[in-house]
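Inside the fold
Below, each chain spelled out in residue letters.
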Amino acid sequence: MDEFAQLSRENFEVFQRYGDAIGPDPRHRAIAVYAEPDAPTTYVEKDLKLDQLPKFFRSHPTSSGSSSTGGSDGSTARKAESGARTASLKMVVLDSRLESWSNSYPSLWTSKDVFLRLIDAMDMNPSALWLLRSEYDGFHHFLSSSSFSSTSSPSSSSSSEKEKGSVSTFYIGTSNFVLIWTFSRRTSNSPQPTQTHALWILRQQQSINSNAHAAWFVNVLRRHQDHVYSPYLLAYVAALSTCCTFDGEISYRAHVVRLIERQTGYSQHASSLEERLGMQSLTVSIKEVGQVLNHNANKERHFRLMEAVLDFLLQNAIECEEARTEAEVKSTRCLLAAVPLLRTRIHASQEYLKYLKERAERLSTVSTRSWQMRVGRSPKPLSGTVPA
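None of these values were measured; they are calculated from a predicted model. Within any chain, residue numbers begin from 1 and follow the written order of that chain's sequence. Local features in this predicted model are restricted to residues whose pLDDT is 70 or higher, and side-chain atom pairs enter the listing and the counts only when it is 80 or higher, whereas totals over whole chains, interfaces and linings include all residues. Side-chain calculation: all heavy atoms of the structure are included, whereas hydrogens and water are not.

Across its full length, the chain carries 11 helices and 8 strands. Per-residue accessibility, obtained with a 1.4 Å probe over protein chains only, is compared with the maximum for each type, and a residue is labelled buried under 20%, exposed over 50%, and partly exposed between these values. In the chain, which comprises 388 residues, the share counted as buried stands at 48%. Accessible surface area values rest on a Shrake-Rupley calculation with a 1.4 Å probe, where residue burial reflects the displayed protein chains alone. Just so you have it, the chain exposes about 19200 Å², and 50% of that area is on carbon and sulfur atoms. Runs of E in the DSSP output that reach at least two residues are strands. Runs of H or I that reach at least four are helices, and both are numbered from the N terminus.

Let us now look at the pairing of strand S1 (residues 27-35). Most of S1 is tucked away: 8 of the 9 residues are buried. The pairing of S1 with strand S2 (residues 42-49) spans 8 bridges and is classified as antiparallel. Note on S2: the bridge partner recorded for His 28 is Leu 48. Once S1 ends, the chain turns through 6 residues before running back antiparallel as S2, passing Asp 38 with a positive phi of about 60 degrees. Whether two strands pair depends on DSSP finding at least two bridges between them.

In this description, an aromatic ring pair is defined by two values, namely the gap between the centres and the angle between the planes. Whether two aromatic rings pair depends on their centres lying within 6.5 Å, for rings of Phe, Tyr and Trp, where Trp uses its six-membered ring; planes under 30 degrees apart make the pair stacked, over 60 edge-to-face, and the rest tilted. Under the counting rule described, the total for this entry stands at 13 aromatic pairs. For the pair Phe 246 and Phe 303, a centre-to-centre distance of 5.5 Å together with 90 degrees between the ring planes defines the contact as edge-to-face. Within this pair, whereas Phe 246 is found in helix H8 (residues 233-264), its partner Phe 303 is found in helix H10 (residues 279-316), the two being separated by 57 residues in sequence. In this structure Phe 246 comes out as buried when scored by relative accessible area, which is 1%. In this structure, Lys 299 packs its charged tip against the face of Phe 246, placed 4.4 Å from the ring centre. In this scheme, Lys NZ or Arg CZ marks a charge over a ring once it lies within 6 Å of the ring centre and within 35 degrees of the ring normal.

With that out of the way, let us pick up the pairing of strand S7 (residues 177-184). Counting buried positions over the 8 residues of S7 gives 8, a clear majority of the element. Side chains Phe 177, Leu 179, Trp 181 and Phe 183 project from S7 onto one buried face, and the interleaved Val 178, Ile 180, Thr 182 and Ser 184 project onto a second face that is buried too. As paired strands, strand S6 (residues 167-173) and S7 are joined by 7 bridges and run antiparallel to one another. When the bridges of S7 are listed, Tyr 171 appears paired with Ile 180. Linking two consecutive strands that pair antiparallel, namely S6 and S7, is a turn of 3 residues. In this sheet, strand S8 (residues 194-202) lies alongside S7 in antiparallel orientation, the contact comprising 8 bridges. Looking at the pairing, Leu 179 lines up with Trp 200 of S8.

This is the structure:
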């Protein structure tokens with residue numbers, strides 16, 4: 001374990017805060033995807049008790065994502081061979097409590113013991129823990145080929161490395177969630193199948209059932225589950241689901257701007273300013289316009305993040321294809337084929353945000369001037385003429 005990774009692990013174990021999950025019998029959503037050649041991909045979603053989560057991560061899939069049930073010797077052999085080539089994705093969904101005045105760091109809604117067992121089971125690079133506790137946003141990638149479990153001895157680490165092969169850790173932080181996943185690539189020396197383990201930590205105290213972003217994420221994952229062989233599946237799912245969520249949010253903010261334009265008289269379809277505005281509505285308008293500007297700045301930041309994810313995908317996905325399995329290469333190429341269209345959507349949304357920002361800034365000036373005139377009881381009316 002390198003020095004920064006060790007420092008990150010020690011810092012996290014000492015300072016990370018944890019909180020009780022809601023309810024007397026808390027359960028966490030667990031999502032699993034199992035795939036094998038020439039067989040339908042299996043998607044499983046269920047709620048597990050807290051103490052069941054580490055076992056969920058450590059269990060290994062067999063053919064078609066379920067245990068072998070017997071049969072003839074030939075059938076059993078074929079299942080065993082197929083199971084050795086199975087790819088799986090296992091993801092645990094956790095919530096985090098927002099920071100308060102007395103606590104500048106959010107707390108994870110789980111226990112310390114369970115969480116540390118989860119990150120050991122997924123062989124996460126501990127450097128990602130520093131990002132998690134410090135609430136980093138952005139896309140980060142850590143490459144390693146050795147086990148980072150704090151319970152591993154040198155001899156067991158060497159054995160684990162041989163069994164698991166190369167393990168990469170990925171981190172995506174956004175306003176709505178943190179997604180950390182590891183990808184263990186099957187090698188010629190590894191008897192284990194290709195495995196992806198992920199922690200999906202929801203921010204802003206929203207549950208998976210009431211979070212629009214979470215709903216889009218699950219929907220996009222299910223539609224692309226056949227590409228579970230690729231280490232970049234979750235990166236693509238995060239980028240596409242973020243864009244789908246933002247489409248609805250941007251449309252709502254544009255609707256707010258149009259309403260305020262009409263209310264302030266700064267629109268072709270508005271009544272005169274004197275008929276439409278009072279002190280209370282002016283104050284609300286100024287607040288709403290400010291929220292639109294904040295929203296735009298945050299969305300622009302996230303679009304740059306998603307572009308960084310797609311750039312990484314394009315630059316790294318086709319490296320050393322000769323060392324990859326046929327299934328991984330095929331899955332990754334399918335994801336790459338969809339990147340140009342997604343990038344075009346991002347650019348179109350960025351251009352519209354620039355236009356919306358200009359309209360909101362003009363509205364902010366108009367609303368503020370109007371409010372100042374009302375406070376000063378100036379007899380001079382504010383023009384509601386729409387600029388050319």
